[in-house]
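Residues per chain are reported as follows:
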Amino acid sequence: MVSEKTDRPPFKVQDCAIITRMGGVSSAVNLRELRERIAVCPAETLYHHFCETLVRPTFDDPEFRNDFAVWASRHLRDRVLAERLGIINPYIFKNIDSLREKVLDILDERLSEVPYIPWVPKGEEFRFMRGVTIVFDTHATLETAEDLVNHLPDMSLSAIYYHFVEARRRTPDGTDDFTTWLADLEEKPEELLRAFAHIDFYFLSLSELKDALVKAAQAAFQGGVEVR
Amino acid sequence: MKGLKAYEDVAGLVAVSQLRQLADDLEGTKVVHVNSTRVGGGVAEILVWLVPLMQDLGLDASWEVVEGKEDYYKTTKAFHNGLQGKPVTLPPSKIEVYEETARQNAERLRPILEEADFVFIHDPQPAPLLELCPKRKGKWVWRCHIDVSHPVRKVWGYLKSKVSGYDASIYSMPDFAQSLEHPQFIIAPSIDPLSEKNCDIPSREIEETLERYGIPNDVPIITQVSRFDSFKDPIGVIEAFQMLTETMEAELILAGGGATDDPEGAAVLEEVQEAAQGNPHIHVLLLPSDAHRTINALQRASTIVVQKSLQEGFGLTVTEAMWKGKPVIGGNAGGIRLQVFNHHTGFLVNSPEGAALRMRELLRRPERMDVMGETARQFVRENFLLTRHLREYLTLMLGLRLGLSDRLMADQSYENPQ
């Protein structure tokens, strides 16, 4: 069913640009220092290393999605620790402190298991970073669900990141902006909402995520009519 | 310099639109960049496009250059070397030359600098200007382009006293950041794909360039383009080439110009010419600083490009070669590590022997070179073109203006989308 124009406020398409800065704590040269720094680093720093990895220039498809797991694997050469950190899904935690607690628990457990504290050579330290996100208006507004379906292919990857990923830390129920807006339309596009809810973006790059959103939206809205 | 619109084809319409949207809230902002040379070296090459494109976006941007005499450039070169870890001494007489030259430049530049909303001071040469502009009203940012990961402590100790008062600093990679109280940002450099040095050129022009310098093109050509600077290890490249040519034929080009702020270039050039003497397959070319099309042609004529630096801020010549679809054998140093990935875009090496080994490997497996070259070009397109670089400068300025929390609205009247 095509969503009709309603009195609901239109969806303002915004975009974001992120710049990286040093994270406010010293770099870590061993597992114990990593644990100590994570315990006190700013929330934005933890968020950056778990979630903003998506927007960073990368060359290869990383083996793990968060920087701590990558460092444990590539530099500490502790595969067990890397896998334990790698399985953490940051989006299921109600806030950054809960995520921090989980990470510290894993690190404490590993510290109690290893016969010696693993170190890295000079130059391979873990450097803590954080992002500064500037949100700006694209001047595009969407009135209906169909508008969203049609506009998605033209959205930048950073706009997709802002509305579908970053939204999860600023919306009360931890969902994305598209879903929040669509669910509030007078005639809810149920199929589209279901399609978006089924996208597991954790293992996708931003361009893969955009493809998945576009395909899901087009499948749900073939020919301008929502398919149920 | 072309306007921003010209970049829509090569960088994408979205990337250019984003710049215009971000710049909406910076219209009319007075921005001044200051460095120590208008020609030669990576910093000048960046400012050549950065300033006009900022103007195209509606910012009131300008570029100033500090000037000095020979002993000033000798001192700042010693700074440069010391910051990159080469043992140097800085006697009081050199410090006095440095500070006196800064005072003279401050007299000339003070009105424009104190009025600016943002001042970007590039590298150590103009760093003392901050304390010499007490009525400054804008944000001052120190942009460090060099690898300061392991500086000579006394040199850094002195410079730190000049840069710690800045509102922020920028480095090309996190490894270079130092212990400073102000926010430290990471911005990788970039290239201008439409500049004379990087634009597409006809194959006839490439052939003519080789003819002009008497370089045969019937055997593989290996090229290093860089200033004649010991940190670029041109002697190590010659050693590697000599090892390679024990088993196969090739030509080596070592091409570079001088920079007006680099007084050591002539001595290094002499050393390189001596090492190359008697080998007709080694071509040492001292090019004028505006020989951009010649460098473009030489890079395109090359089978492999080398940048065997021992220390490197970023290595724009690596980016340039990758943009031209060439695999790069790079020194395992600084920003080269951000660009060269073993077996994907080239090889990182740690010795002349390593460079010789990888040259031979690539030349024996030419089919791999094509794949690597294509991968390299795509990687540059996605990460190291000037549109990304300019976006990060705009983001930084907005961030500093708005107060640097983790998420900021460019226009404070915006609300969440719903």
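Residues numbered from 1 in each chain as written. Chains lettered and ligands numbered in written order. Predicted model: local features only at pLDDT ≥ 70, side-chain atom pairs only at ≥ 80, totals over all residues. Heavy atoms only, no water.

1. Focus: the confidence of the model for chain A
Here chain A averages 89 in pLDDT, while 92% of its residues score no lower than 70. At the level of individual helices and strands, chain A shows its lowest average pLDDT in helix 9 (residues 190-197) of chain A, which scores 90, and its highest in helix 1 (residues 31-40) of chain A, which scores 97. (pLDDT = per-residue confidence, 0-100. Helix = DSSP H or I, 4+ residues; strand = E, 2+ residues; numbered from the N terminus.)

2. Digging into the pattern of salt bridges
Under the defined criterion, the tally for this structure stands at 40 salt bridges over all chains. With a shortest N-O distance of 3.0 Å, A:Arg84 and A:Glu113 are connected by a salt bridge. Separated by 29 residues along the polypeptide, A:Arg84 in helix 4 (residues 79-86) and A:Glu113 in helix 5 (residues 96-113) bring together distant segments of the chain. Residue A:Arg84 is classed as partly exposed on the basis of its relative accessible area of 26%. Residue B:Glu392 pairs with B:Arg388 through a salt bridge whose shortest N-O separation is 3.0 Å. Here B:Arg388 and B:Glu392 lie together in helix 14 (residues 386-402), a separation of four residues that amounts to about one turn. The pair formed by B:Glu392 and B:Arg388 is uniform in burial state, with each residue classed as buried. Taken together, the shared-partner salt bridges connect A:Asp78, A:Arg84, A:Arg110 and A:Glu113 into one network. (Salt bridge = Lys/Arg side-chain N within 4 Å of Asp/Glu carboxyl O. Buried < 20%, exposed > 50% of the residue type's maximum accessible area, 1.4 Å probe, protein only.)

3. A short note on the packing of aromatic side chains
A full pass over the atoms with the stated rule returns 25 aromatic pairs over all chains. Arranged with centres 5.6 Å apart and planes meeting at 85 degrees, the rings of B:Phe341 and B:Phe379 form a pair that is edge-to-face. Placement of B:Phe341 in the loop between strand 11 (328-331) and strand 12 (346-349) and of B:Phe379 in helix 13 (residues 366-383) is noted, with a sequence separation of 38 residues between them. We classify B:Phe341 as partly exposed; its relative accessible area is 25%. B:Phe379 gets classed as buried once you look at its relative accessible area, which sits at 5%. Members of the aromatic cluster, each reached through a chain of ring pairs, are A:Phe11, A:Tyr91, A:Phe164, A:Phe178, A:Trp181, A:Phe196 and A:Phe201. Its guanidinium or amino end placed over the ring of A:Tyr47, A:Arg169 lies 3.8 Å from that ring's centre, counting from NZ or CZ. For the cation-ring pair, A:Arg170 lies above A:Tyr162, with the distance from its terminal atom to the ring centre recorded as 3.9 Å. (Phe/Tyr/Trp six-rings, centres within 6.5 Å; stacked < 30°, edge-to-face > 60°. Lys NZ or Arg CZ within 6 Å of the ring centre and 35° of its normal.)

4. Observations concerning helix 10 (residues 206-220) of chain A
Residues and elements named next belong to chain A. Under the 1.5 Å per step criterion, the end-to-end length of helix 10 is 21 Å for 15 residues, consistent within 8% with the ideal 21 Å. All of the buried residues in helix 10 are Leu206, Leu209, Lys210, Leu213, Val214, Ala216, Ala217 and Ala220. Along the long axis of helix 10, the arc covered by the buried residues comes to 165 degrees, so they all point the same way. Considering only its buried residues, helix 10 is in contact with helix 6 (145-151), helix 7 (157-165), helix 8 (177-183) and helix 9. (Expected span 1.5 Å × (residues − 1). Arc of directions from axis to C-beta. Contact = heavy atoms within 4.5 Å.)

5. Let's talk about the domain arrangement of chain A
All names here are of chain A. For chain A, the assigned domains read domain 1 (11-16 + 137-224) and domain 2 (24-127). If you average the C-alpha positions of domain 1 and of domain 2, the two centres end up 30 Å apart. Both sides together, the interface formed by domain 1 and domain 2 hides about 1,100 Å², and carbon and sulfur atoms give 63% of it. The largest share of the area that domain 1 buries against domain 2 comes from Tyr161, Arg169 and Tyr202, three residues that together contribute 57% of it. The tally of links from domain 1 across to domain 2 stands at zero salt bridges. The tally of links between domain 1 and domain 2 comes to three residue pairs in polar contact (both at pLDDT 80 or more). Looking at side-chain class alone, the side of domain 1 that touches domain 2 contains seven nonpolar, one polar and three charged residues. (Domains from an automatic or database assignment. Buried area = accessible area lost by both parts, 1.4 Å probe. Polar contact = N/O pair within 3.5 Å; in protein donor to acceptor, adjacent residues only side chain to side chain. Nonpolar A, V, L, I, M, F, W, Y, C, P; charged D, E, K, R; others polar.)

6. Observations concerning the sheet that holds strand 11 of chain B
All names here are of chain B. Pairing in this open sheet of six strands is parallel, and the strands run 9-8-7-10-11-12 from one edge to the other. The open sheet has two edge strands, strand 9 (282-286) and strand 12, and neither has a second partner. Going across the sheet, the axis of each strand differs from the next one's by a mean of 20 degrees, ignoring polarity. Note: strand 11 against strand 12, four bridges, orientation parallel. Counterpart to Ile329 in the pairing with strand 12 is Phe347. (Pairing = 2+ DSSP bridges. Axes fitted to C-alpha atoms, helices over the stretch in contact; angles between N-to-C directions.)

7. Side note on the interface of chain B and chain A
Every contact between the two is made by 39 residues of chain B and, on the other side, 39 residues of chain A. Taken together, both faces of the contact between chain B and chain A bury some 3,400 Å²; the carbon and sulfur share is 61%. Linking B:Asp175 and A:Arg127 is a salt bridge whose minimum nitrogen-to-oxygen distance equals 3.9 Å. Here chain B is connected to chain A by six residue pairs in polar contact (both at pLDDT 80 or more). When residues of the side of chain B that touches chain A are traced back to their parent elements, those giving at least two are helix 2 (13-23), strand 6 (184-186), helix 13, helix 14 and strand 13 (407-409) of chain B. Per-element tally for the side of chain B that touches chain A: the top contributor is helix 14 of chain B, with seven residues. Among the residues making up the side of chain B that touches chain A, the classes are represented as 19 nonpolar, 13 polar and seven charged. In this structure, strand 1 (residues 11-22) of chain A lies alongside strand 6 of chain B, joined through two bridges in antiparallel fashion. When the bridges of strand 6 of chain B are listed, A:Arg21 appears paired with B:Phe185.

8. Some words on the environment of A:Leu46
Residue and element names in this part refer to chain A. With respect to the secondary-structure elements, Leu46 resides in helix 2 (residues 43-51). For Leu46, a relative accessible area of 0% translates into the label buried. A sequence separation of 47 residues divides Leu46 from Phe93, and the C-alpha atoms of the two residues are 13 Å apart. Once residues lying within four places of it in the same chain are set aside, the contact partners of Leu46 are Ile38, Cys41, Phe68, Ile96 and Arg100.

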